[in-house]
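# Descriptive analysis of the structure
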Amino acid sequence: QVQLVESGGGLVQAGGSLRLSCVTSVSFFSIQPMGWYRQAPGKQRELVATITSGSTTDYAESAKGRFTISRDNAKNTVYLQMNSLKPEDTAVYYCATVLKGGSSYFSTGSWGQGTQITVSS
């Protein structure tokens, strides 16, 4: 069973930065595409950023220019650097293993416990 452990969340003022980490037990991590999702209260979970095995990245429009996803294969870890945070970024953030279908990415169904980000105005 895949384990995903997110950390790095917290309370931050608008305009601030946070760096999330996700340590995984994914076998063959280096070839596994990874993603960060978020879920705000009363909203559906949405994909924020993805990174392929070759470190090609993709972002939701809301994250472009502010968030950076990266990975360290030696540490089985994926990161999400978040800058210029806004109150609307408030959500629980999850990392996930993903698969590409057509032009979209989909979670494989393995989730961590998530980490809460709260951005105050």
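Refer to the preceding data block for the structure.
Because the structure is predicted, anything quoted here is derived from the model rather than measured.

Within the largest apolar cluster, 26 residues are counted, with the highest numbers of intra-cluster contacts made by Trp36, Phe67, Ile69, Val78, Leu80, Met82 and Tyr93. Contributing elements (two or more residues each) for this core: β3 (18–24), β4 (34–39), β5 (46–51), β7 (67–72), β8 (77–82), β9 (91–101) and β11 (115–120).

Moving on, we get to the sheet that holds β7. Read across the open sheet, the four strands follow the order β1-β3-β8-β7; overall the sheet is antiparallel. Looking at strand neighbours, the two that pair on one side only are β1 (4–7) and β7, the edges of this open sheet. Strand-to-strand twist of the sheet, defined as the mean angle between neighbouring strand axes without regard to direction, takes the value 15 degrees.

Moving on to the packing of aromatic side chains. Under the defined criterion, the tally for this structure stands at two aromatic pairs. Their ring planes at 75 degrees and their centres at 4.9 Å tell us that Tyr37 and Trp111 sit as a pair that is edge-to-face. Of this pair, Tyr37 sits in strand β4 while Trp111 sits in strand β10 (residues 104–111), and the two are 74 residues apart along the sequence. Since its relative accessible area comes to 32%, Trp111 is described here as partly exposed. Ring geometry for Tyr94 versus Trp111: centroids 6.0 Å apart, planes at 80 degrees, classification edge-to-face. In this pair, Tyr94 is assigned in strand β9 and Trp111 in strand β10, connecting sequence segments 17 residues apart. For Tyr94, a relative accessible area of 12% puts it in the buried group. When the ring centre of Tyr94 is taken as origin, the NZ or CZ atom of Arg45, which lies over that ring, is 3.8 Å away. Against the face of Trp111 rests Arg45, its NZ or CZ located 4.3 Å from the ring centre.

Conventions and cut-offs
Residues numbered from 1 in each chain as written. Predicted model: local features only at pLDDT ≥ 70, side-chain atom pairs only at ≥ 80, totals over all residues. Heavy atoms only, no water. Core = buried A, V, L, I, M, F, W, Y, C linked by side-chain atoms within 4.5 Å. Buried < 20%, exposed > 50% of the residue type's maximum accessible area, 1.4 Å probe, protein only. Helix = DSSP H or I, 4+ residues; strand = E, 2+ residues; numbered from the N terminus. Pairing = 2+ DSSP bridges. Axes fitted to C-alpha atoms, helices over the stretch in contact; angles between N-to-C directions. Phe/Tyr/Trp six-rings, centres within 6.5 Å; stacked < 30°, edge-to-face > 60°. Lys NZ or Arg CZ within 6 Å of the ring centre and 35° of its normal.

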